[in-house]
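So the chains spell out like this:
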Amino acid sequence: MAVFTNQATLSYGSGITNSNVVTGEVVSVLTATKCALSTSYMPDGNITYIVSIVNSGTLDYDGVTITDNLGEYRLGANNFTPLDYIEGTVRYYKNGAEQTAPHPSTTQPLVISDITVPAGGNAIILYEAKANGSAPPDRNGSITNRAAITSPQLTKPIDISDTVVCERRARLNITKSICPASVVENSELQYTFVIQNSGNISAGADDDVVVSDKFDPPLRQLTVELDGVPLTQNSGYTYDSATGEFATLAKVITVPPAVFSQNSSTGSYTMTPGVSLLTVTGIV
């Protein structure tokens, strides 16, 4: 709703007088909302957005344009855009019937034009964007995506927005090494397991992180350490010296989250994974 005022002036001979001030209002009949199909995103993941425009008036709204900033934010002296529009993903529906999709005139910001919202009806526009290297990957990261709806028949733009948060999860991988690679019989051998977490939360006791292996040949006189702290058989791990089957117990291993830092000049993030180190030493 937009309120306006108006006053007339009467001139006659050498005189001039003003009328009273009248007040009116323009009632908006076009409303819009925007939402993502998912409330969270993953680094390098896709997000589908839905823009719904409803016309409660008696006339069509033609030439409607959506201008989407794709989550643009400011860091220091620079602006960064954490989302990239995925080419060819626009879908346009009018009163539920799919229409020929308009081609965006620009993709940063994303500008979708030539939309008609029928009288007493609605238009729905879907499109996809991909989180890029400027999308915050940390556990408190979020992207607020803003768009403006404009039309020659609108007195002012309709502003809409939606916020998605970075998905909180651990992402683990493991590498194994042996030292020495060539070992003589009845001498010491060490296996090292490096567990890395590239996710934004720790992998804790509730995640039941377990390392299992079958040492062939089996090891004798086992010594096991996790991040330099000795583990005890049956309380920290299990081992069958006859078969060489080894496994840490659930809830023993925790892996800290990755640490993320952002370059204020490029907007890109650097990830340093969290690490836990498991060593198994024995006689072969």
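Everything in this summary refers to the structure shown in the same document. If you're wondering where the values come from, they're calculated on a predicted model, not measured in any experiment.

Reading the values: the criteria
Residues numbered from 1 in each chain as written. Predicted model: local features only at pLDDT ≥ 70, side-chain atom pairs only at ≥ 80, totals over all residues. Heavy atoms only, no water. 1 Å grid on protein atoms, 1.4 Å probe; cavity = no way out; pocket = protein on both sides within 12 Å on 5 of 7 lines; lining within 4 Å. Points joined across faces, edges and corners; volume = space filled by probe spheres on them. Helix = DSSP H or I, 4+ residues; strand = E, 2+ residues; numbered from the N terminus. Nonpolar A, V, L, I, M, F, W, Y, C, P; charged D, E, K, R; others polar. Buried < 20%, exposed > 50% of the residue type's maximum accessible area, 1.4 Å probe, protein only. Pairing = 2+ DSSP bridges. Axes fitted to C-alpha atoms, helices over the stretch in contact; angles between N-to-C directions. Contact = heavy atoms within 4.5 Å. Salt bridge = Lys/Arg side-chain N within 4 Å of Asp/Glu carboxyl O.

A short note on the layout of surface pockets
And step 1. Taken as a whole, the largest pocket spans an internal volume of roughly 240 Å³.
And step 2. Along its surface, the largest pocket is lined by 18 residues, and P43, P137, R171, S198 and F260 are the ones closest to its centre.
And step 3. Ranked by residue count, the leading element in the lining of the largest pocket is strand β25 (residues 269–272), at 3 residues.
And step 4. Per-class residue counts for the lining of the largest pocket are 8 nonpolar, 6 polar and 4 charged.

A look at unusual backbone geometry
And step 1. Geometrically, the link from C179 to P180 is a cis peptide bond, its omega value of -5° lying close to zero.
And step 2. Mapping P180 onto the fold places it in the loop between β17 (172–179) and β18 (188–197).
And step 3. At D44, a residue that is not glycine, the phi angle is positive and equals roughly 70°.
And step 4. Looking at the element boundaries, D44 is found in the loop between β4 (40–41) and β5 (46–55).

Here's the deal with the pairing of strand β3 (residues 30–36)
And step 1. Alternating residues of β3 divide into L30, A32, K34 and A36, all buried, and T31, T33 and C35, none buried.
And step 2. Bridge count between β3 and β5: 7 bridges; the pairing is antiparallel. From the neighbouring strand, C35 faces β5, where its bridge partner is I50.

Some remarks on the sheet that holds strand β23 (residues 245–248)
And step 1. Strand order across the open sheet formed by 3 strands is β19-β23-β22, with antiparallel pairing between neighbours. The sheet is open, and its two borders are formed by β19 (212–214) and β22 (237–240), each paired with just one other strand. Between one strand axis and the next, the sheet turns through 5° on average, direction left out of account.
And step 2. Where β19 and β23 come together, 3 bridges link them in antiparallel fashion. When the bridges of β23 are listed, K214 appears paired with E245.

Description of the side chain of T65
And step 1. Note that T65 resides in strand β6 (residues 61–68).
And step 2. In this structure, T65 is in contact with V111, I112, S113, A148, I149 and T150, ignoring residues within four places of it in sequence.

Focus: the pattern of salt bridges
And step 1. This model, assessed by the stated rule, comprises 4 salt bridges.
And step 2. Where D68 meets K34, a salt bridge forms, and the shortest distance between an N and an O atom there is 2.6 Å. Taken together, the residues D68 in strand β6 and K34 in strand β3 connect sequence positions 34 residues apart. Just as D68 is buried, K34 falls in that class too.
And step 3. Residues R91 and E98 are paired through a salt bridge, measuring 3.9 Å at the closest nitrogen-oxygen approach.
And step 4. Overall, R91 belongs to the partly exposed group, its relative accessible area being 37%.

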